[in-house]
Amino acid sequence: MNADQGLFVPLVLGILEGLTEFLPVSSTGHLLLAGHFFGLTQPATFIVLIQLGAILAVVTVYFAKLGLLIRDALTGKAYAWQFALSVILACFPAVIAGVLLRDFIQGDLWESATLICTTLLVGGIVLLIVDRLPLQPRYDDIYRFPWHLALIIGLFQMLSLVPGVSRSGSTVVGGMLFGASKRAAAEFTFFIALPIMVGAFGYDLYKSRDMIDGSIAISVAIGFAAAFVVGALVVRYLLNFVSRYGFAPFAWWRILVGAAGLVAIFAFGR
């Protein structure tokens, strides 16, 4: 953390992370563009570590449901084990790809603002089209998602390793195209975020352990706390918003940000 940045930058980035982590707009893309265009920069490790703050917000909102799931799994309820296996299947592809491609992703891909803006724009168009398709949902209960649907959602989640694609956006699109309702697709995304981001947090913390000093630790703590608080508010109200308005508002936001970024890059050399 630069001395002149103080605590402002990690606080702003933490708020931005909390706002965007569960929206299909790409939190990583927004954080990287904030650094590229506005100078709000932090090490790559910071971005990965504060994401766990937003993810843990799911625990606060779904604490009772998670407790019931654990209880039912321990008492042998079939649906709880089916759900647990579905979550594991949905996480597996992205975990393997993320470990193998970590350096390439956080290096070449994260440094390309043009790529991020393009994926935001294209992803927004895709999300808008899918949101308007006359799809007939077959699965509205995330606890009874068939395993093939969970695996398909996991394969779509791999696309989110490209910055600007969006983890929640890719999983929502994959879920809806293969039979999940809008609300169920969004809710399932909450749950598969937990093991993915806990694993990413632990792995990146281990890989970057020699680079984390006191100043970075303070920045991470501030960003983590801000992402947690704001993320909890987003999770609490997002499903009702999606049920009422769909994903079109987020699609248009992606298109706006992506297009504006590309204009700035090509017109002003940013």
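Because the structure is a prediction, the values reported are computed rather than measured. (Residues numbered from 1 in each chain as written. Predicted model: local features only at pLDDT ≥ 70, side-chain atom pairs only at ≥ 80, totals over all residues. Heavy atoms only, no water.)

Turning next to the pattern of salt bridges. Counted by the stated rule, this structure contains 7 salt bridges. Residue K77 pairs with D72 through a salt bridge whose shortest N-O separation is 3.8 Å. Taken together, the salt bridges that share partners define one network made up of R71, D72 and K77. (Salt bridge = Lys/Arg side-chain N within 4 Å of Asp/Glu carboxyl O.)

All right, on to the UniProt feature "transmembrane region" (unreviewed entry) in the chain then. The UniProt feature table records "transmembrane region" (unreviewed entry) at residues 44-66, 78-101, 113-133, 145-165, 185-206, 218-239 and 251-269. Secondary structure across residues 185-206 divides into 100% helix and 0% strand, with the first and last C-alpha atoms of the span separated by 32 Å. Each end of residues 218-239 is marked by a C-alpha atom, and these two atoms are 33 Å apart; helix forms 100% of the span and strand 0%. (UniProt positions renumbered as here; feature names shortened; annotations may be inferred. Helix = DSSP H or I, 4+ residues; strand = E, 2+ residues; numbered from the N terminus.)

In a regular helix each residue adds 1.5 Å, so 12 residues correspond to 16 Å; helix α2 (residues 27-38) covers 16 Å between its end C-alpha atoms and thus fits that length. The element α2 is largely enclosed, with a buried count of 10 among its 12 residues. Buried residues of α2: S27, T28, G29, H30, L31, L32, L33, A34, G35 and F37, and no others. Check the buried side of α2 and you find it contacts α1 (8-20), α3 (44-61), α6 (113-132) and α11 (248-268). The N-cap residue of α2 is S26: its side-chain oxygen and the backbone nitrogen of G29 are 2.9 Å apart. (Expected span 1.5 Å × (residues − 1). Buried < 20%, exposed > 50% of the residue type's maximum accessible area, 1.4 Å probe, protein only. Contact = heavy atoms within 4.5 Å. Polar contact = N/O pair within 3.5 Å; in protein donor to acceptor, adjacent residues only side chain to side chain.)

Next up on the list: the packing of aromatic side chains. All told, the structure shown has 13 aromatic pairs when counted by the stated rule. Relative to F190, the ring of F22 has its centre 5.3 Å away and its plane inclined at 85°; by these criteria the two rings are edge-to-face. Residue F22 is found in the loop between α1 and α2, and its partner F190 is found in helix α9 (residues 182-207); the two are separated by 168 residues along the sequence. In this structure, F22 and F190 share a single accessibility class: buried. Aromatic pair Y143 and F191: ring centres 6.3 Å apart, planes at 70°, arrangement edge-to-face. With Y143 in the loop between α6 and α7 (147-158) and F191 in helix α9, the pair connects residues that are 48 residues apart, well separated along the chain. Among the residues examined, F191 registers a relative accessible area of 3% and is labelled buried. Every member of this aromatic cluster is reached through a ring pair, and the members are F22, Y62, Y79, F83, Y139, Y143, F145, F188, F190 and F191. (Phe/Tyr/Trp six-rings, centres within 6.5 Å; stacked < 30°, edge-to-face > 60°.)

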